[in-house]
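Here is how the chains run, residue by residue.
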Amino acid sequence: MVNLSLQSEVEIHSVPPFYFPPYPSLRNYWFSIDINSAVKYFVEQKQAISLFIPGCMKDFPRSIINSAIVGLIVASYNILAGTLGAFALTRITFKGNMPLFYGSIVGRLIPPVVIAIPYYMIMKSIGLLDTLQVVILVHIVFTMPFTIWILNTYFLAIPTDMEDAARVDGYSYLEVLRKITFPLIKPAIVAVGIMSFMTSYGEFFYALLLTATGASRTIPVIVGSAMADPIVIKGLVCAMGVIAIIPGLVVVMVFRRYLVRGLVAGAVK
Amino acid sequence: MFATSMSSTFIFALITVPSITLISLGEALLLSRKFRGVKILQVLALVPWSIPFVVSGSVYRLMFDFNFGMFNDIMLRLGLISQYRSWFSMAWPAMLIVALAYLWIQTPFPTLLLLAGIQSIPEELNEAALIDGAKRFAHFRVVTFNWLKPIIFIVLVYASIMALWCFDPIFVITAGGPADFTKLVTYFTYERMFGYLNFGEAGASTIIILAVTIVLIYLYFRALRLGRLRLRV
């Protein structure tokens with residue numbers, strides 16, 4: 001795909017295909033960000049492909065920003081609410097403790113199609129249908145159960161002696177969480193944040209359903225729509241795909257140790 | 001028709017679930033040995049998980065394309081086919097390509113699970129097997145496989161649940177496939193809902209998916225409980 005994104009349009013369509021771009025150029029990346037120059041270029045070259053650039057591609061720069069914003073908000077919300085929620089579920093015993101936890105896991109395991117129609121109806125009646133908030137809300141619903149599950153496992157593995165001593169000394173629950181437990185679970189928090197970011201980044205189905213215009217679309221929707229057209233402009237789509245992979249790759253490369261620890265603890269125990 | 005969609009999903013699950021288990025088991029076994037560069041390979045094994053599904057679907061669609069896909073070219077040069085073929089208009093190749101695009105992203109997660117399981121085998125078991133003179137396959141069968149059985153069960157059920165989720169590769173690659181062959185229930189529901197605007201039929205199919213999912217979730221909880229008990233020993 002990197003290979004295709006560096007070739008020009010004429011070269012892509014040659015048979016047999018080139019395995020290395022003969023005259024590599026970064027033109028396709030610039031085109032995918034600034035679609036007007038793409039149209040101008042193709043018109044100058046008198047290629048008919050200028051007529052077939054899909055209209056959804058003019059929203060690509062906006063969608064990068066949208067994806068970044070949604071991912072960051074979802075990750076930070078997961079870290080905050082997940083820590084508080086998992087702490088409450090494990091340390092504080094209240095009625096309906098475990099059923100709440102199991103119920104949220106069930107919510108995560110149901111295929112997204114099943115709940116899609118009611119979600120659409122509800123969001124339409126609230127009036128949030130095309131905004132960024134609805135995407136954030138749905139992604140939070142999708143990532144929270146897994147977050148709470150992993151953090152639950154971590155919390156259960158930490159002995160409560162120091163926390164009980166602190167409670168006896170008069171700390172409130174929040175102070176116990178902040179001062180005593182928090183340094184112990186830092187790797188888990190990082191893993192959870194990254195996992196929720198990646199899940200929200202690659203989420204395609206709900207982002208496709210709940211957004212209509214470019215104001216709130218995310219990257220997977222744009223790439224998917226450009227790809228599902230009958231006529232696909234391969235160079236541009238490949239350039240968009242490479243741009244879409246880069247944040248994921250960077251995050252995985254930098255944070256791989258935390259990711260491994262978080263993923264493993266979550267689903268095994 | 002919904003019945004063909006269910007059968008397609010069943011075929012898809014039959015293809016992917018054993019594939020995921022076997023591939024991740026083999027990969028975890030490979031990655032658990034200590035040789036030079038194993039750390040880099042472990043990182044590389046995790047990389048596909050970070051790719052969005054649509055990008056993977058796009059890569060495979062462009063690779064198997066009829067006119068200028070690389071796969072056609074390689075097969076032609078190897079002499080396996082005599083002319084370029086359109087892989088997406090044949091039933092089974094389309095299903096296999098969708099399964100491939102889906103597997104590429106789903107394998108790192110079970111691989112990591114099994115790798116953690118292998119690395120948690122106590123050394124005494126390995127040494128005892130070595131002292132008793134176990135060859136490689138016997139070692140695997142007696143020590144590793146028995147230890148990993150609860151984790152493999154978790155992986156199996158998790159892969160089944162995730163096989164029901166698969167929507168993105170179908171949307172990007174085949175949009176239903178030749179004569180509805182690759183149209184899994186998720187895509188079927190989406191098409192009824194937003195293509196034909198037939199909310200009644202879509203709702204009915206979602207209820208059926210829900211029923212199957214509840215059975216699988218119950219199995220998943222059983223698997224987790226078994227896993228927890230076993231690992232505490």
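Rules used in this analysis
- Sequence order sets the numbering: in each chain, residues are counted from 1 along the sequence as written.
- Chains and ligands are labelled by the order in which they are written, letters from A for the one and numbers from 1 for the other.
- Restriction of local features to residues with pLDDT of at least 70 applies here, the model being predicted, together with a cutoff of 80 or more for giving and counting side-chain atom pairs; totals for whole chains, interfaces and linings are based on all residues.
- Helix and strand definitions here come from DSSP, where helices need a minimum of 4 consecutive H or I residues and strands a minimum of 2 consecutive E residues; each element is numbered from the N-terminal end.
- Any residue pair is listed as a contact if its two C-beta atoms, each placed from the backbone, are within 7 Å.
- Think of it as a crowd count around each C-beta: if 20 or more other C-beta atoms lie within 10 Å the residue is buried, if 12 or fewer it is exposed, and in between it is partly exposed, with C-beta placed from the backbone throughout.
- For this entry, the nonpolar core is defined as buried Ala, Val, Leu, Ile, Met, Phe, Trp, Tyr and Cys residues connected by C-beta atoms within 7 Å.
- Note on geometry: axes are lines fitted to C-alpha atoms, helical ones only across the stretch in contact, with angles between N-to-C directions running from 0 to 180 degrees.
- Small angles under 35 degrees read as roughly parallel and large ones over 145 as roughly antiparallel, with 65 to 115 read as roughly perpendicular and the rest as oblique.
- Take the far helix as the reference: if the near one is turned anticlockwise from it by less than a right angle, the crossing is left-handed, and if turned clockwise, right-handed.
- When residues are grouped by polarity, Ala, Val, Leu, Ile, Met, Phe, Trp, Tyr, Cys and Pro land in nonpolar, Asp, Glu, Lys and Arg in charged, and all others, Gly among them, in polar.
- Predictor confidence is given residue by residue as pLDDT, running from a minimum of 0 to a maximum of 100.

Novice: Give a description of the overall build of chain A that names residues and reports values.
Specialist: When its secondary structure is counted, chain A shows 15 helices and zero strands. Intrachain contacts of chain A at a sequence separation of at least 6 include 76% that bridge at least 24 residues.

Novice: Residue-level account of the overall build of chain B, with values.
Specialist: Within chain B one finds eleven helices and zero strands. Tracing chain B from N to C terminus, the helices and strands come up as α-α-α-α-α-α-α-α-α-α-α. Reported as C-alpha extents along the three principal axes, the dimensions of chain B are approximately 65 × 50 × 25 Å. In chain B, buried positions account for 41% of the 233 residues. Taking contacts inside chain B between residues at least 6 apart in sequence as the whole, the part at least 24 apart equals 73%.

Novice: Break down the nonpolar core for me, with residues and values.
Specialist: Val223 and Met240 of chain A together with Val98 of chain B are the most contacted members of the largest nonpolar core, which totals 117 residues. Of the residues forming this core, the biggest block, twelve residues, is contributed by helix α8 (residues 136–165) of chain B. Look past the residues within four positions of methionine 240 of chain A in its chain and what remains in contact with it is Ser32, Phe60, Ile222, Val223 and Ala226 of chain A.

Novice: Could you give an account of the interface of chain B and chain A, naming the residues involved and the relevant values?
Specialist: Contact with chain B, which involves 47 residues of that partner, is made by 43 residues of chain A. Contributions of two or more residues to the side of chain B that touches chain A are made by α2 (38–46), α3 (53–63), α4 (70–78), α6 (108–119), α8, α9 (168–174), α10 (185–195) and α11 (199–232) of chain B.

Novice: Could you give an account of the environment of isoleucine 243 of chain A, naming the residues involved and the relevant values?
Specialist: Mapped onto the secondary structure, isoleucine 243 of chain A falls in helix α14 (residues 234–254). As for isoleucine 243 of chain A and asparagine 152 of chain A, which are separated by 91 residues in sequence, their C-alpha atoms are 35 Å apart.

Novice: Account for α3 of chain B, naming residues and giving values.
Specialist: By the criterion of burial, α3 of chain B is predominantly enclosed, with eleven of the eleven residues buried. Among the residues of α3 of chain B, Phe53, Val54, Val55, Ser56, Gly57, Ser58, Val59, Tyr60, Arg61, Leu62 and Met63 of chain B are the ones counted as buried.

Novice: Provide a residue-level description of the packing of helix α13 (residues 219–227) of chain A against α14 of chain A, including the pertinent values.
Specialist: Residue and element names in this part refer to chain A. Where α13 meets α14, the axes come as close as 10 Å, and the angle between the chain directions of the two elements is 160°. One element, α13, and the other, α14, form an angle in the roughly antiparallel class. Pair α13 / α14 crosses with left-handed handedness. Residues Ile219, Ile222, Val223, Ala226 and Met227 of α13 lie in contact with α14, whose contacting residues are Val237, Met240, Gly241 and Ala244. Here the contact of α13 with α14 is built from residues that sort into eight nonpolar, one polar and no charged.

Novice: Could you give an account of the confidence of the model for chain A, naming the residues involved and the relevant values?
Specialist: Overall, the predicted model of chain A reaches an average pLDDT of 76, with 80% of residues at or above 70. Here helix α2 (residues 9–12) of chain A stands out as the element of chain A with the lowest mean pLDDT, 54, in contrast to helix α5 (residues 60–91) of chain A, whose mean of 86 is the highest.

Novice: Now, about the environment of arginine 62 of chain A: what can you tell me, with residues and values included?
Specialist: All names here are of chain A. Structurally, the position occupied by arginine 62 is in helix α5. Taking the number of C-beta atoms within 10 Å as the measure of exposure, arginine 62 has 16 and is therefore partly exposed. Note: C-alpha distance between arginine 62 and isoleucine 219 (157 residues apart in sequence) is 9.0 Å.

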